[in-house]
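Examination of the molecular architecture
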Amino acid sequence: MKKAGIALTGIALVAVVLYAVRAPLSTALMGRVLERNMATSLLDTLPDGLSVILCGAGGPLPDPVRSGPCVAVVAGHNLVIVDAGTGGARNLGPMGLPVGRVDAVLLTHFHSDHIDGLGEMATLRWVSAANTEPLPVHGPEGVDEIVAGFNQAYAPDAGYRHAHHGDSVAPLSGHGMKAVVHPQPPEGEAEVVYDKDGLVAQMIRVNHSPVDPAVAYLFTYKGRSALVSGDTVKSANLQHFAEGVDLLVHEGLSPRLVQQMNRAAARAGNEVAARITADIPDYHTTPVEAAEIARDAHVGHLLFYHVVPPTPLPGLKAAWLTGVDAVFERYTLGENGTGFSLPADSSDIIPID
Ligand SMILES: [Zn+2]
Ligand SMILES: [Zn+2]
């Protein structure tokens, strides 16, 4: 008994001392973690191949584990981002993907949740690596207007940062973005929008009516392939181009859970929320429909992103995925940081930790 008492007193003393030094301890730890994060990059450590990591797995609704739509595609030393939803640019660094090394952004369409982090993407890329060229932003017709608007809105910020940090951090030639417009291809055709060091990205038409243009992107690199859907209803054109791809990154909206939101909104007397939740299912794909595409197009793995609605309670993931297992079993419900590596010239599909 006496020994136990002494041990407990010892533990309590250590706890008191640790509590007293928590500030210097945490500061030292922060320094170590920051040093490690700044020194390592997945671009240099991933195996040669095509890798896809969700820098934002959600849609327009707030979700603690899924920020706005953002898909990072890594191949060789290329880093290409599909869409710049809110939080995406800030998620890249902690995921081991230096935002200063983003080569290009490809936009799927111009809904606000897909572009609301674009200004931050360009700004963080500029000042975190003293980039001397603006960020190339590829997209279908209209991308030039989007880019011009962001450039105008961020012009004062560019002046402030250059005045404060000078050319070694914020060279004026590198701020903002440069639009690269590609005509939205007709059904059955694909338009090459990016071709560098073996990484090829092709634009394909999807259907997100009344949103037009709306496109998906098909990536290939050294015998591996990944297709990122953007927002769309179940699309035969997308399924055609998804044939045999290793990884299909597809949006999904659970009509059952959105209907639940709709009923709650109606009961609460919130007519606007009731109208929105009644409208949105008709221009998205259900999880089961995405699984049908994966099955019928013989894809290697299905990664759900643009997950609507959020799944904050235990059991809601299972509810969101209702019916998927019966159609296609090789799937993952994405969260921020979920990713897969497709090593060159192999058939491996390896989760990235
Ligand atoms: Zn969206
Ligand atoms: Zn959309």
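Further up the page is the structure itself.
Everything numeric in this text was worked out from a predicted model, so none of it was measured.

Let's talk about the overall build of the protein
Within the protein, the regular secondary structure consists of 12 helices and 15 strands. In terms of overall dimensions, the protein has a C-alpha envelope of 80 × 55 × 50 Å along the principal axes. Going through the 353 residues of the protein one by one, you find that 43% of them count as buried.

Describing the environment of Q260
Within the secondary structure, Q260 is located in helix α9 (residues 255-267). As for Q260 and T277, which are separated by 17 residues in sequence, their C-alpha atoms are 9.1 Å apart.

Things to note about the sheet that holds strand β10 (residues 224-228)
In spatial order, the strands read β7-β8-β9-β10-β11-β12-β13; together these seven strands make up an open sheet with mixed pairing. Because the sheet does not close on itself, it has two edges, and the strands there are β7 (191-196) and β13 (331-333). Recorded for the sheet is a direction-independent mean angle of 20 degrees between the axes of neighbouring strands. Sitting on the sheet, helix α11 (residues 287-296) touches β11 (247-253), β12 (301-308) and β13, and the angle it makes with β11 is about 160 degrees.

What about the pairing of β12?
Burial analysis of β12 places seven of its eight residues in the buried class, the great majority of the element. Here seven bridges tie β11 to β12, and the two strands are oriented parallel to one another. Along β12, the bridge assignment pairs L248 with L302. Pairing of β12 with β13 involves three bridges; the strand directions are parallel. Residue pairing for β13: F304 is matched across the bridge by L333.

Here's the deal with the packing of α9 against helix α10 (residues 271-279)
Two numbers describe how α9 lies on α10: the axes approach to 8 Å, and their chain directions differ by 160 degrees. Considering the angle they form, α9 stands roughly antiparallel to α10. With respect to the hand of their crossing, α9 and α10 are arranged in left-handed fashion. For the pair formed by α9 and α10, the contact residues are V258, M261, N262, A265 and A266 on the first element and A273, A274, T277 and A278 on the second. Tallied by class, the residues present in the contact of α9 with α10 amount to seven nonpolar, two polar and no charged.

Quick notes on the sheet that holds strand β6 (residues 177-181)
With mixed pairing, eight strands are arranged side by side in an open sheet as β6-β5-β4-β3-β2-β1-β14-β15. Unpaired on one side and paired on the other, β6 and β15 (350-352) mark the two borders of the sheet. This sheet shows a mean twist of 25 degrees between the axes of neighbouring strands, independent of strand direction. One ladder, built from three bridges, connects strand β3 (residues 78-82) with strand β4 (residues 104-106); its direction is parallel. What sits directly across from I81, in β4, is V105. Helix α7 (residues 143-165) rests against β5 (135-139) and β6 of the sheet, and its axis sits at about 170 degrees to β6.

Some details on unusual backbone geometry
At the junction of S209 and P210, the peptide bond is cis and its omega measures out at 15 degrees in the coordinates. Looking at the secondary structure, you find P210 in the loop between β8 (199-205) and β9 (215-221). A cis geometry characterises the amide bond from D212 onward to P213, with omega recorded as 5 degrees. Relative to the assigned elements, P213 resides in the loop between β8 and β9.

A short note on the pairing of β8
In terms of residue burial, β8 counts as a mostly covered element, since six of its seven residues are buried. Bridge count between β7 and β8: five bridges; the pairing is antiparallel. The partner of D195 across the bridge, within β8, is V200. Judged from the six bridges that link them, β8 and β9 form a sheet pairing that is antiparallel. Residue pairing across strands places V200 opposite T220, the latter belonging to β9.

Examining α11
Those residues of α11 lying buried are P287, E289, A290, A291, I293 and A294. The inward-facing, buried residues of α11 contact α8 (236-242), β11, β12, α12 (316-320) and β13.

A short note on the packing of helix α6 (residues 118-129) against α7
Remark: α6 packs on α7, axes separated minimally by 11 Å, with the N-to-C direction vectors making an angle of 30 degrees. Classified by the interaxial angle, the pair formed by α6 and α7 is roughly parallel. Judged by the twist between their axes, the crossing of α6 over α7 is right-handed. Along the contact surface, α6 presents L118, G119, T123 and V127, while α7 presents F150, A153, Y154, D157 and R161. Looking at the contact of α6 with α7, its residues break down into five nonpolar, two polar and two charged.

Basis of the calculations
- Residues numbered from 1 in each chain as written.
- Chains lettered and ligands numbered in written order.
- Predicted model: local features only at pLDDT ≥ 70, side-chain atom pairs only at ≥ 80, totals over all residues.
- Helix = DSSP H or I, 4+ residues; strand = E, 2+ residues; numbered from the N terminus.
- Buried ≥ 20, exposed ≤ 12 C-beta atoms within 10 Å, placed from the backbone.
- Pairing = 2+ DSSP bridges.
- Axes fitted to C-alpha atoms, helices over the stretch in contact; angles between N-to-C directions.
- Contact = placed C-beta atoms within 7 Å.
- Parallel < 35°, antiparallel > 145°, perpendicular 65-115°, else oblique.
- Left-handed = near helix turned anticlockwise from the far one by under 90°.
- Nonpolar A, V, L, I, M, F, W, Y, C, P; charged D, E, K, R; others polar.

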